[in-house]
Amino acid sequence: MNILDGKSLAKKIEKNLKKEIISFKLKPCLCVILVGDDDASKIYVNIKKKSCENVGIKSILYYLNENVTEEILVRLIKKINNDPLINGILIQLPLPKKINTRKILDLIDKNKDVDGLNSYNLMKILIGQENIIPCTPKGILRLLEEYNILLEGKNICIIGFSDIVGKPLATLCLNRGATVTVCHKKTINLKDHTLNSDIIMTAAGFPNLITEDMVKRDSIIIDIGINNINKKIVGDVDFEKVKFKCKYITPVPGGVGPMTVVALLENTIKLYKIQNEKIRI
Ligand code: NAD
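In this convention, every chain numbers its residues from 1, walking through the sequence in written order. Side-chain atom pairs in this predicted model are given and counted only at pLDDT of 80 or more, local residue features only at pLDDT of at least 70, and totals for whole chains, interfaces and linings cover all residues. Hydrogens and water molecules were not included; the side-chain quantities draw on all heavy atoms of the structure.

## Focus: the overall build of the protein chain
Test applied: Where helices and strands are cited, they refer to DSSP runs of H or I of at least four residues and of E of at least two residues respectively, numbered from the N terminus. Each radius of gyration reported is based on C-alpha atoms, and the globular scaling rule is 2.2 Å times the count of residues to the power 0.38. Buried means the residue's accessible area, taken with a 1.4 Å probe over protein chains only, is under 20% of the maximum for its type, while exposed means over 50%, and partly exposed covers the values in between. Contacts are residue-level and defined by heavy atoms, with any inter-residue pair within 4.5 Å sufficient.
When you go through the protein chain residue by residue, the secondary structure sums to 10 helices and 11 strands. Taking 281 residues into account, the globule formula puts the C-alpha radius of gyration at 19 Å, and the protein chain, at 19 Å, falls close to it. For the protein chain, the spread of C-alpha atoms along the principal axes amounts to about 55 × 40 × 40 Å. Expressed as a percentage of its 281 residues, the buried residues of the protein chain come to 50%. Taking contacts inside the protein chain between residues at least 6 apart in sequence as the whole, the part at least 24 apart equals 71%.

## With respect to the site of the ligand
Note the threshold: One heavy atom within 4 Å of a molecule or strand makes the whole residue count as near it. Distance and chemistry together define a polar contact, namely a pair of N or O atoms within 3.5 Å, with one atom able to donate a hydrogen and the other to accept it when in protein, and with adjacent residues in sequence counting only for side-chain atoms on both sides. Note on areas: Shrake-Rupley with a 1.4 Å probe; residue coverage comes only from the protein chains shown. By the convention adopted, Pro, Cys, Tyr, Trp, Phe, Met, Ile, Leu, Val and Ala count as nonpolar, Lys, Arg, Asp and Glu as charged, and the other residues, Gly among them, as polar.
F161, S162, K185, I226 and T260 are the nearest of the 19 residues found near the ligand. Backbone polar atom of F161 to an oxygen atom of the ligand: 3.0 Å apart, as the coordinates give it. I224 is positioned with one of its backbone polar atoms (N or O) 3.3 Å from a nitrogen atom of the ligand. In isolation the ligand has 850 Å² of accessible area, and contact with the protein removes 74% of it. Looking at the shell around the ligand residue by residue, the class counts come to 10 nonpolar, eight polar and one charged.

## A short note on the nonpolar core
The line we're drawing: We call a set of buried Ala, Val, Leu, Ile, Met, Phe, Trp, Tyr and Cys residues a nonpolar core when their side-chain atoms join them within 4.5 Å.
Ranked by internal contacts, the top residues of the largest apolar core, which has 50 residues, are M201 and I222. For this core, the element with the highest residue contribution is helix 10 (residues 256-276), accounting for 10 residues. With near-sequence residues (within four places) excluded, M201 lies in contact with I140, L144, I156, C157, I158, I159, L169, C173, I222 and I224. In this structure, C31, V35, V74 and I80 belong to the second largest nonpolar core, which totals 21 residues.

## As for the sheet that holds strand 8 (residues 220-223)
Strand-to-strand pairing in sheets goes through backbone hydrogen bonds, with the strands running parallel or antiparallel. Cut-off, in case you're wondering: Pairing between two strands is assigned when DSSP locates at least 2 bridges connecting them. Structural elements are reduced to axes, namely lines fitted to C-alpha atoms, with helices fitted over the stretch in contact, and the angle between N-to-C directions of any two is expressed from 0 to 180 degrees.
The sheet built from six strands is open, its strands ordered 1-11-8-7-5-6 with parallel pairing. Either end of the sheet is taken by a strand with one partner, and the two such strands are strand 1 (2-3) and strand 6 (179-183). For strand 5 (residues 155-159) and strand 7 (residues 199-202), the ladder comprises four bridges, and the chain directions are parallel. Along strand 7, the bridge assignment pairs I158 with M201. The strands that helix 7 (residues 166-175) touches are strand 5, strand 6 and strand 7; relative to strand 5, the one it contacts most, it runs at about 170°.

## A word on the pattern of salt bridges
Basically, it comes down to this: Salt bridge, as used here: a side-chain nitrogen of Lys or Arg that lies within 4 Å of a carboxyl oxygen of Asp or Glu.
Under the defined criterion, the tally for this structure stands at 14 salt bridges. Its salt-bridge partner being D213, residue K191 comes within 3.2 Å of it at the nearest N-O pair. Of this pair, K191 sits in helix 8 (residues 190-195) while D213 sits in the loop between strand 7 and strand 8, placing them 22 residues apart in sequence. We note a salt bridge from D198 to K216, for which the minimum N-O separation is 2.8 Å. Pair noted here: D198 is in the loop between helix 8 and strand 7 and K216 is in the loop between strand 7 and strand 8, with a separation of 18 residues, a long-range link. Here the residues in one salt-bridge network are R102, D106, D163 and K167, joined through shared partners.

## Description of a nonpolar patch on the surface
Going by this rule: In this scheme, patches are assembled from residues that exceed 30% relative accessible area and form no salt bridge. Like charges are connected within 9 Å, while nonpolar side chains (Val, Leu, Ile, Met, Phe, Trp, Tyr) are connected within 5 Å.
A surface patch of nonpolar side chains, about 420 Å² in accessible area, is lined by I43, Y44, I47, I226 and I233. Take the nonpolar patch: its biggest share by element is three residues, from helix 2 (residues 39-55). Summarising the element assignment, I233 is placed in strand 10 (residues 232-234).

## Structural notes on unusual backbone geometry
The omega torsion of the bond from L93 to P94 falls at 0°, within 30 degrees of zero and hence cis. In the Ramachandran plot, N230 falls in the positive-phi region, its phi being about 50° despite a non-glycine side chain. Within the secondary structure layout, N230 lies in the loop between strand 9 (227-229) and strand 10. Exposure remark for N230: the relative accessible area of 75% places this residue in the exposed category. The phi angle at K231 is positive, at roughly 65°, despite the residue not being glycine. Considering the arrangement of structural elements, one finds K231 in the loop between strand 9 and strand 10. Given the relative accessible area of 82%, K231 is considered exposed.

Interpretation in functional terms is not warranted from these geometric data alone.
Here's what the structure looks like:
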C-alpha cells in the first residue's frame, strides 16, 4: 500500500505559486461569499483564506446573513463581476435552500468563475475543451499525475454524482480515456461495480461505505468524502482495513482536501493571467 500524499504535494505546489506570485505587478485577488452560519462552511472559508495569504493572494470575504434575499446576492455578484481588481469569485456551497444556486453560479462572470461551476465552464468540460476545472476534480487529477497513475484504459467507479465533484470528475476521466461507471444512492449492489474497478473514487459523504470486501486487490482508492464522526474527520472508506488491499489510497484528512484548496489557488492565478492578458475564454 502507498499513500497518495495530498498534503505534501499541496505544500510543494503552494511554494511554487508563492514564488510565481512575487513576480506579479499586482496581487491576485479572490472574493469569497459565504451565506449563513454553517460551521463547516466557516471552517472551509477560513482554510481557503489562510491558503490565499500563504501564497500572496489577497482574499476578500463577504459574510451574508442566512436571510439575505436572492436580489441582494445578485446585486453583489454583478458588482464584483465589474470590479477589475477582483480576479476570482467563489460562492461557498451549499447556499440556503430558498436561493436558486444554479442561477447564482451562472451569474458569475465565466472569466472569474474560480470554482469552474457555472454552466459555461462545466459545458466546456463536457465537450472536451477543459479550461477552468472545478477544484476537487482538478486536485484529484493533479494528485494522480504526481504518482504517474494513468487513467487511460482503466475501469473507474465514481460514487456520487454532484455537480461539484462526481459529474465533472466522471467527464474528466472519460476525456482521459477511462471507462467510467457512476454509482449513487439508487445503485443496486454497489459492490458489483467497485469489485470490477481499477480505481474507485468515492464522494458519497457516507462513512465506511467502501469496505475491504468491495475492493479488488491492487486497486487505487480516492476517498473524497468528509464525515465528522465524534469530532473526528473520516472519509467514505474503511481506511484501516482497505489500505492493505490496495496499491494506492488517499488518507482523510491529508489526501483530496489539501489538493482541492491548492487547485483553488491555481485557478485564481489562471484567471488572473487570463484577465491581465485580456484573453477571453
Ligand atoms: P452530495 O452530498 O451532493 O451528494 C452525494 C452523492 O453521493 C449523491 O450523488 C448520492 O446519490 C451519493 N450517495 C450518497 N450516499 C450513498 C450511498 N450510501 N451509496 C451510494 N451513493 C451514495 O455530493 P458532494 O457535494 O459531491 O459531497 C460528497 C462528499 O464529498 C461529502 O462528504 C463532502 O463533504 C465531500 N467533499 C469533499 C471535498 C474535498 O475537498 N475533499 C470537496 C467536495 C465535497
